[in-house]
Amino acid sequence: MNAPSQAALLARRRVELPTGTLELSLARGAEELDDLLGFAARANAKRGFLFLSKVLGKHWPAKPSDMLAIHARLAATVPAVAGPVVFIAMAETAIGLGQGVFEAWLRRHPGHPALFLHTTRYRVGAGELIEFEEAHSHAPRQFLHVPEDPALRALLLEARTLVLVDDEASTGNTFVNLAAACRHLNPGIERVHLATITNFMGGEAGARLDARFGLPVTLGALVEGEYRFTPGPHAPDGGVAQRFDAGADRGASAAFGRLGLQAALPAPEQLAGQLASGVAPGERVLVLGTGEFMHASTLLGAALERRGVAAWVQSTTRSPILAWGAVAHALRFADNYGEGIANFLYNVAPGQYEHVFVCHETAPNSVLRELASQLGARLLHHHTGDRIEEVPVR
């Protein structure tokens, strides 16, 4: 019997997690799997594993230039279409990815009408809100705001193409739920495109997408295949990860995508120049986003990188993950949005970077100052895309 080829070995992966066994069979992208993806164990009884992306700037430190390259690759998978296009990024993990894909697509299609929205777990304002479910999530309730601005609302209602962006697709159920909610609002949607770094729905599920969505569906992914997870005896509960209060003001901004954007956010070139002047050659810089507020940190990291700074991007998260596998270090703290739930920062240890810049949309508070003190960081409050204020830590 002949030994398996190197390609065949690459196309199969078996990972023993403390929460069970994950088996992958890859049809595409096996050669770059380890550059794009790691594996982690969730503290979540609903799903004990996590496909942990290394190019999201979320749970793993990512170079801004690598992230922008991924954005461009996924934007190139969107088919050419006529009429307005609506891009929706999935909270919280893929918000930065979706906004980056939207901006990369705009660069490829200057002047083409398009709208960017991201789902959220917070209410902004008193306008119309669509709710749908991400069933396997530790925080299952998701919301999509209908734009209040008449021009942006018109883009949403006139669009015929819906582009949904997430870091991974494993069942497709959340995409189906969101698309159905969008079609209830805009019955004229004619096609859906799914843009994901990884697609593990498998060939059979992928072949049924048109029937599941009730529309023609295309899909662009860098890694494709299918998975099987066999749960083990250890399925810890990470605790409450969502406390939605419709009347609470969590300090979530309306300026960065929850109520819609039709243009790219401005790169913070002036701020990057000021910060770069204080970074010595060889020093490492972490630009840290907070929760759903991710893309601003990528833009700042990229601007620093253009000035020769060795910069990485990451974000805090509400996702409870075990310190195992692709998660070497975990820091737990209260959330800066005031929900009273645990937030986490993974793979960042105090003293790992000479400089840490924390980008946040919420007003300065004790949680942010405590986090900054632990990391020796500077706080950068983003009021809008071009109004950024440094906040004293003490």
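Further up the page is the structure itself.
Residues numbered from 1 in each chain as written. Predicted model: local features only at pLDDT ≥ 70, side-chain atom pairs only at ≥ 80, totals over all residues. Heavy atoms only, no water.

Enquirer: Just checking my understanding: could you explain the overall build of the protein for this structure?
Expert: A tally of regular secondary structure across the protein gives eleven helices and 18 strands. The C-alpha radius of gyration computed for the protein amounts to 20 Å, which stays within 12% of the reference 21 Å derived for 394 residues, consistent with globular compactness. A principal-axis box enclosing the C-alpha atoms of the protein has dimensions of 65 × 55 × 40 Å. Out of the 394 residues belonging to the protein, those deemed buried represent 57%. Partitioning the intrachain contacts of the protein with sequence separation of at least 6 by distance along the chain shows that 71% fall at a separation of at least 24. Seen as two clouds, the 35 positive and the 39 negative side-chain charges of the protein have centres 1 Å apart. (Helix = DSSP H or I, 4+ residues; strand = E, 2+ residues; numbered from the N terminus. Rg over C-alpha atoms; globule rule 2.2 N^0.38 Å. Buried < 20%, exposed > 50% of the residue type's maximum accessible area, 1.4 Å probe, protein only. Contact = heavy atoms within 4.5 Å. Lys, Arg positive; Asp, Glu negative; His and termini not counted. Charge placed at Lys NZ, Arg CZ, Asp CG, Glu CD.)

Enquirer: Quick question: what am I supposed to make of the packing of helix H3 (residues 64-75) against helix H10 (residues 295-306) here?
Expert: What describes two packed helices is the angle between their axes and the distance between those same axes. The interhelical angle for the contact between H3 and H10, taken along N-to-C directions, is 120°, at an axis separation of 8 Å. It follows from the interaxial angle that H3 and H10 lie oblique. Handedness of the H3/H10 crossing: left-handed. Taken together, the residues of H10 that come into contact with H3 (itself represented by Pro64, Ser65, Met67 and Leu68) are Thr298, Gly301, Ala302 and Glu305. (Axes fitted to C-alpha atoms, helices over the stretch in contact; angles between N-to-C directions. Parallel < 35°, antiparallel > 145°, perpendicular 65-115°, else oblique. Left-handed = near helix turned anticlockwise from the far one by under 90°.)

Enquirer: Please explain empty space enclosed by the protein as it appears in this structure.
Expert: Empty space among the atoms can be located by rolling a probe the size of a water molecule over them. A complete count under the given rule lists five cavities of 30 Å³ or more for this structure. Computed from the structure, the second largest cavity encloses a volume of approximately 70 Å³. Lining the second largest cavity are Ile95, Gln99, His118, Phe256, Arg258, Leu265, Glu292, Phe293, Met294, His295, Ala296 and Glu361. Only helix H4 (95-108) and H10 provide two or more residues apiece to the lining of the second largest cavity. Per-class residue counts for the lining of the second largest cavity are six nonpolar, three polar and three charged. (1 Å grid on protein atoms, 1.4 Å probe; cavity = no way out; pocket = protein on both sides within 12 Å on 5 of 7 lines; lining within 4 Å. Points joined across faces, edges and corners; volume = space filled by probe spheres on them. Nonpolar A, V, L, I, M, F, W, Y, C, P; charged D, E, K, R; others polar.)

Enquirer: Is there a simple way to explain helix H11 (residues 366-375) in this structure?
Expert: The periodicity of an α-helix, 3.6 residues per turn, causes residues three or four positions apart to be oriented the same way. Of all the residues in H11, the buried ones are Val367, Leu368, Leu371, Ala372 and Leu375. Projected onto a plane normal to the axis of H11, the buried residues spread over an arc of 135° and lie on a single side. Among the structural elements, strand S12 (284-289), strand S14 (330-334), strand S15 (342-346), strand S16 (355-360) and strand S17 (378-384) are those in contact with the buried residues of H11. Between a side-chain oxygen at the N-terminus of H11 and the backbone nitrogen of valine 367 the separation is 3.2 Å; the capping residue is asparagine 365. (Arc of directions from axis to C-beta. Polar contact = N/O pair within 3.5 Å; in protein donor to acceptor, adjacent residues only side chain to side chain.)

Enquirer: It is not clear to me how the sheet that holds strand S2 (residues 20-28) should be interpreted in this structure. Could you clarify?
Expert: The pairing of strands in a sheet comes from backbone hydrogen bonds and takes either a parallel or an antiparallel form. Reading across the sheet, the seven strands line up as S1-S2-S11-S10-S9-S5-S6 and stay open at both edges, with mixed pairing between neighbours. The open sheet has two edge strands with one neighbour each: strand S1 (12-17) and strand S6 (114-118). Ignoring which end each strand starts from, the neighbouring axes of this sheet average 25° apart. Along the sheet, H3 contacts strand S10 (191-199) and strand S11 (217-231); its crossing angle with S11, the most-contacted strand, is approximately 110°. (Pairing = 2+ DSSP bridges.)

Enquirer: Just checking my understanding: could you explain the environment of valine 78 for this structure?
Expert: For valine 78, the position within the fold is in the loop between H3 and strand S5 (85-89). Using a relative accessible area of 9% as the deciding quantity, one classes valine 78 as buried. Between the alpha carbons of valine 78 and tryptophan 105 there is a distance of 8.2 Å; along the sequence they are 27 residues apart. Each residue touching valine 78, except ones within four places of it in the same chain, is listed here: Phe87, Trp105, Val163 and His193.

Enquirer: Could you clarify how one ought to interpret the packing of H3 against H4 in this entry?
Expert: Axis separation between H3 and H4 bottoms out at 8 Å; the angle between their running directions is 65°. At the point where H3 passes H4, the crossing takes the right-handed sense. Residues Ile70, His71, Ala72, Leu74 and Ala75 of H3 pack against Gly96, Leu97, Gly100, Val101, Ala104, Trp105 and Arg108 of H4. For the contact of H3 with H4, the residue count by class is eight nonpolar, three polar and one charged.

Enquirer: So what exactly am I meant to see when it comes to helix H9 (residues 269-276) here?
Expert: Taken together, the buried positions of H9 are Leu271, Ala272, Leu275 and Ala276. For H9, the angular spread of the buried residues around the axis is 130°, confining them to a single face. Packed against the buried residues of H9 are H10, S16, S17 and strand S18 (387-391).

Enquirer: What is the right way to look at the side chain of asparagine 336 in this model?
Expert: Within the secondary structure, asparagine 336 is located in the loop between S14 and S15. Residue classification places asparagine 336 among the buried residues on the basis of a relative accessible area of 7%. Polar contacts involving the side chain of asparagine 336 include one to the side chain of threonine 362, which spans 2.9 Å. Ignoring any residue separated from it by four or fewer positions in sequence, one finds asparagine 336 in contact with Thr290, Asn343, Thr362, Asn365, Val367 and Leu368.

Enquirer: It is not clear to me how the sheet that holds S16 should be interpreted in this structure. Could you clarify?
Expert: In space, the five strands of this open sheet follow the order S13-S12-S16-S17-S18, with mixed pairing throughout. The sheet terminates laterally at strand S13 (310-315) and S18, the two strands that pair on one side only. This sheet shows a mean twist of 25° between the axes of neighbouring strands, independent of strand direction. Where S17 and S18 come together, five bridges link them in antiparallel fashion. When the bridges of S18 are listed, leucine 379 appears paired with valine 391.

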